[in-house]
Amino acid sequence: MSDFVKNADENIINFKNRLRFPANFDMLDRAVRIGGKKAGFFFIDGFVQEDMVEKLMQFFYSLKPEDVSNIDKFLENGMPYTEVDRADKYERVITSFLAGVTVLFVDGFDEAVLIDCRTYPMRSVAEPWKDRVLRGSRDGFVETLVLNAALLRRRIRDTGFSMEMFNVGTRSRSDVAICYIDDLVDKSLLNNIKERIKKLNVESLTMNVESLAECLFEYKWINPFPKFKYSERPDTASAAILDGNIVIMVDNSPAVMIIPTSIFDIVEEPDDYNFAPMIGTYLRLSRFLFTIVTMMLTPIWLLLIQNPELIPSWLSFITVSDEITVPVIFQLLILELAVDGLKMAAVNTPSLLSTPLSIVAGIVVGEYAVSSGWFNTESLLYMAVVTVGTYSQASFEMGYAMKFIRVFTLCLTAVFNAAGFFTGVAVGVCCIIFNKTISGKSYIYPLYPFDVKKLKRSIFRVRLPHGKNN
């Protein structure tokens, strides 16, 4: 049973009342006559290709009455555009209209005609500032879902590649797309995610992909290590899909979510594959080393400072040479906060003032901080190494997970000495080992369950498979 009647005037009045047209300056309508019948166009300013609408209207003016005798004949003979649909329910018509689709009512039709000639304001597909590479593709995802889908389709020309669309949010009605290759994906995980999205009861996805993650995956957030990977690079997302993973895209978000994700997937970066295997292996092993150093350097140094008898003679230079006016643990904790403060200041500082900010930060945190007695040079040195190691991670979530474990271990070491240090290390290791991916599998696969071929590919940059048997 259709929600509309065959009287165009009544349909137009009801449609305007439901959308509160007088209160919305950007909702436009245009009354025309098509084949001698009254018709009404509705579109949102800024979402429509005006030149395309003008061309359609010019064509409609040339139609004869027999071309619009019914909706089937009109769509067959009187509609030159390709992306056209019909709908007989107000909910679907209103949702499509608010998404930018042009709506057409024609006298004598008890259905609305949906013409998808929309366009969205968007930035260029420039390389994302966080996921930069030394060599490789220089394009990145944008806030428009259709364009992001085209970037993936350009790279994956496989008949099994699918992108299913869902609508989430009773108020925002955000578009969500699930991307996968049918014969490679884990079907049980795929069906599970689809069901969760369909049953999702939320007003809006305020923060886009992050809001969707929090709504979909209800787990204990006390474990800081991320369960999924974000990326703004189409080549990274395409590689994940070709590996059998699922990529979830949300309209208005330039970042996509890759699941399931293990710790090896998060540490991996595109530059590993943009160079020869030997160079890629070096980059990957260096990143692994930096990950360990970032988590363990300052806690180990604090432990040795508190127990100087454990320091061998060849490492005597690591001791604090100057007088300690502020306890070392407080120096390290203050520097942890200072690094985050500088990071937030850098994000919020206009580009014209970035150079003065760097100079001020270098003077205050460096020379003046030491000469005033607040910090020792050794504390600044080791925190600088830790900061460099943190920035070597492309994943913000992974960087902060390492930071939380490091600060936790520092506090335990300061209070309980060696026992606290080993307890902090054990907690960090347990957070990694006993974490689970979204699919319920081990977070440290292929270490557990052990898979020698996968482990080799996870640690070393091996040659891509090729040949007759691959």
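Residues numbered from 1 in each chain as written. Predicted model: local features only at pLDDT ≥ 70, side-chain atom pairs only at ≥ 80, totals over all residues. Heavy atoms only, no water.

Novice: Describe the overall build of the chain, with residues and values.
Specialist: Counting secondary structure elements, the chain contains 15 helices and ten strands. Over its C-alpha atoms the chain spans a radius of gyration of 29 Å, topping by over 25% the 23 Å that the globule rule assigns to 470 residues. If one aligns the C-alpha atoms of the chain with their principal axes, the spans along those axes are about 100 × 60 × 40 Å. When each of the 470 residues of the chain is scored for burial, the buried share is 44%. (Helix = DSSP H or I, 4+ residues; strand = E, 2+ residues; numbered from the N terminus. Rg over C-alpha atoms; globule rule 2.2 N^0.38 Å. Buried < 20%, exposed > 50% of the residue type's maximum accessible area, 1.4 Å probe, protein only.)

Novice: Outline the sheet that holds strand S8 (residues 229-231), supporting the account with residue identities and numerical values.
Specialist: Reading across from one edge, S6-S7-S9-S10-S8 is the order of the five strands in this open sheet, with antiparallel pairing throughout. Each end of this open sheet is capped by a strand with a single partner; those strands are strand S6 (161-168) and S8. Strand-to-strand, the axes of this sheet are offset by a mean angle of 25 degrees, without reference to chain direction. Pairing between S6 and strand S7 (residues 174-181): eight bridges, direction antiparallel. In the strand pairing of S7, valine 168 is matched with serine 174. (Pairing = 2+ DSSP bridges. Axes fitted to C-alpha atoms, helices over the stretch in contact; angles between N-to-C directions.)

Novice: Summarise a nonpolar patch on the surface; cite the residues concerned and give the values.
Specialist: The grouping of Leu447, Tyr448, Phe450 and Val452 at the surface amounts to a nonpolar patch, some 480 Å² of accessible area in total. When you line up the elements, phenylalanine 450 lands in the loop between helix H14 (396-433) and helix H15 (452-459). Given a relative accessible area of 59%, phenylalanine 450 falls into the exposed group. (Patch = residues over 30% accessible without salt bridge, like charges linked within 9 Å, V, L, I, M, F, W, Y side chains within 5 Å. Areas by Shrake-Rupley, 256 points an atom, 1.4 Å probe, with all protein chains shown as cover. Salt bridge = Lys/Arg side-chain N within 4 Å of Asp/Glu carboxyl O.)

Novice: Talk me through the UniProt feature "transmembrane region" (unreviewed entry) in the chain; I want residue IDs and the actual numbers.
Specialist: In the numbering adopted here, UniProt assigns the feature "transmembrane region" (unreviewed entry) to residues 288-305, 351-370 and 407-434. Structurally, residues 288-305 comprises 100% helix and 0% strand, and the distance from its first C-alpha atom to its last is 26 Å. When the span residues 407-434 is considered, its composition is 96% helix and 0% strand, and the gap between its end C-alpha atoms is 20 Å. (UniProt positions renumbered as here; feature names shortened; annotations may be inferred.)

Novice: Can you lay out the environment of tyrosine 61 for me, pointing to particular residues and giving the numbers?
Specialist: Among the structural elements, tyrosine 61 can be located in helix H2 (residues 50-61). Put simply, tyrosine 61 and valine 32 are 29 residues apart on the chain and 8.5 Å apart in space, counted from C-alpha to C-alpha. In this view, tyrosine 61 contacts Arg30, Val32 and Arg33; residues no more than four positions away in its chain are not counted. (Contact = heavy atoms within 4.5 Å.)

Novice: Explain the pattern of salt bridges to me, and be specific about the residues and the numbers.
Specialist: Applying the stated criterion across every chain yields a total of 24 salt bridges. Ionic pairing is found between glutamate 336 and lysine 403, a salt bridge with its closest N-O pair at 2.7 Å. With glutamate 336 in helix H11 (residues 328-348) and lysine 403 in helix H14, this pair connects stretches of sequence that are 67 residues apart. With respect to burial, glutamate 336 and lysine 403 carry one shared label: buried. Of the charged contacts in the structure, one is a salt bridge between glutamate 336 and arginine 406, with a shortest N-O distance of 2.7 Å. Residue glutamate 336 is found in helix H11, and its partner arginine 406 is found in helix H14; the two are separated by 70 residues along the sequence. When its relative accessible area of 3% is taken as the criterion, glutamate 336 is described as buried. With a relative accessible area of 2%, arginine 406 lands in the buried category. Here the salt bridges do not stand alone but share partners, grouping Glu127, Arg132, Arg138, Arg233 and Asp235 into one network.

Novice: With reference to specific residues and values, describe the sheet that holds strand S4 (residues 102-106).
Specialist: Pairing within the open sheet is antiparallel, and its five strands lie in the order S1-S2-S4-S5-S3. Unpaired on one side and paired on the other, strand S1 (27-34) and strand S3 (84-87) mark the two borders of the sheet. Adjacent strand axes in the sheet meet at a mean angle of 25 degrees when their direction is disregarded. Those strands touched by helix H1 (residues 8-18) are S1, strand S2 (37-44) and S4, and its axis lies near 20 degrees from that of S2.

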